[in-house]
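Remarks on the overall topology
Here are the chains, one letter per residue:
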Amino acid sequence: MNTLIGLFFASTTGNTETVAEQIAALEPERIRLHDIATDGVAEMARYQHLIMGIPTWDFGELQEDWDEHWPVLQAMDFSGKQVALFGLGDQIGYGEWFLDAMGALHDLLQSAGAEVVVPWPASGYRFEASRALTADGDHFVGLALDEDSEHGLTDERIRTWLPRVLDAFKL
Ligand SMILES: Cc1cc2nc3c(=O)[nH]c(=O)nc-3n(C[C@H](O)[C@H](O)[C@H](O)COP(=O)(O)O)c2cc1C
């Protein structure tokens, strides 16, 4: 069995890429990075444990590389796989659509059979609406990061979240 974690991300202006590298640097023996702009998404099938990073663009839309590979993702089977998500957005500039793409990815994965792990508390964030909230409205479906307005909190948020992910993965 493959005990490595595949971390798949895509990034238009580099923020999600930087965060993906930060996460991988905390667990270099376990995490393998894949930029879907170059690697695509088919290799997700090789991993039982996945981390996915997605920024929201253009008023609640998918980032362009995720968008391009979306039809392939929709045709994939994620049953038996555990996935932890992190999303990047801007709660001040785009607070009506904060992290919407992470919500869309969560819904796709859940429909495709994945177990999406580690909800993240929504308290302390300031936004108007988000598709990335859980049904109870108290959590996001994955780690919520905002490099535009709260860059200073990112490192601490990652360091709190990643051990919870490894715990959920039982690694
Ligand atoms: C034109 C534009 C549209 C954006 N739309 C949204 C949005 O709808 N929701 C959101 O949460 N963030 C939005 N953002 C913020 C980006 O998600 C944020 O800057 C993110 O860190 C970009 O990640 P990347 O550098 O990996 O592409 C937008 C940013 C720009 C410049």
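Everything below is about the structure shown above.
Here we summarise the structure given alongside this text. Everything numeric here is computed off the predicted structure, so don't read it as measured data.

**What about the layout of surface pockets?**
Space inside the largest pocket adds up to approximately 320 Å³. If you trace the largest pocket, you find 21 residues lining it, with Thr56, Trp57, Gly89, Asp90 and Asp148 closest to the centre. Counting only elements with at least two residues in the lining of the largest pocket, the list comes to helix 1 (15-26) and strand 3 (49-57). At 3 residues, strand 3 tops the list of elements feeding residues into the lining of the largest pocket. By residue class, the composition of the lining of the largest pocket is 8 nonpolar, 9 polar and 4 charged.

**Points about the site of the ligand**
Around the ligand, a shell composed of 20 residues is seen, among which Ser11, Thr13, Thr16, Thr56 and Gly60 lie nearest. Here an oxygen atom of the ligand sits 3.4 Å away from a polar atom, N or O, in the main chain of leucine 88. Between the ligand and aspartate 90, the relevant distance is 3.2 Å, taken from a nitrogen atom to a main-chain nitrogen or oxygen of the residue. Taking 650 Å² as the accessible area of the ligand by itself, protein coverage stands at 88%. Here the ligand occupies the largest pocket. The set of elements that each furnish at least two residues to the shell around the ligand consists of helix 1 and strand 3. A total of 3 residues in the shell around the ligand trace back to one element, the largest contributor, which is strand 3. Partitioned by chemical class, the residues of the shell around the ligand number 8 nonpolar, 9 polar and 3 charged.

Rules of the game
Residues numbered from 1 in each chain as written. Predicted model: local features only at pLDDT ≥ 70, side-chain atom pairs only at ≥ 80, totals over all residues. Heavy atoms only, no water. 1 Å grid on protein atoms, 1.4 Å probe; cavity = no way out; pocket = protein on both sides within 12 Å on 5 of 7 lines; lining within 4 Å. Points joined across faces, edges and corners; volume = space filled by probe spheres on them. Helix = DSSP H or I, 4+ residues; strand = E, 2+ residues; numbered from the N terminus. Nonpolar A, V, L, I, M, F, W, Y, C, P; charged D, E, K, R; others polar. Near = heavy atom within 4 Å. Polar contact = N/O pair within 3.5 Å; in protein donor to acceptor, adjacent residues only side chain to side chain. Areas by Shrake-Rupley, 256 points an atom, 1.4 Å probe, with all protein chains shown as cover. Sits in = over half its atoms within 2 Å of the grid points.

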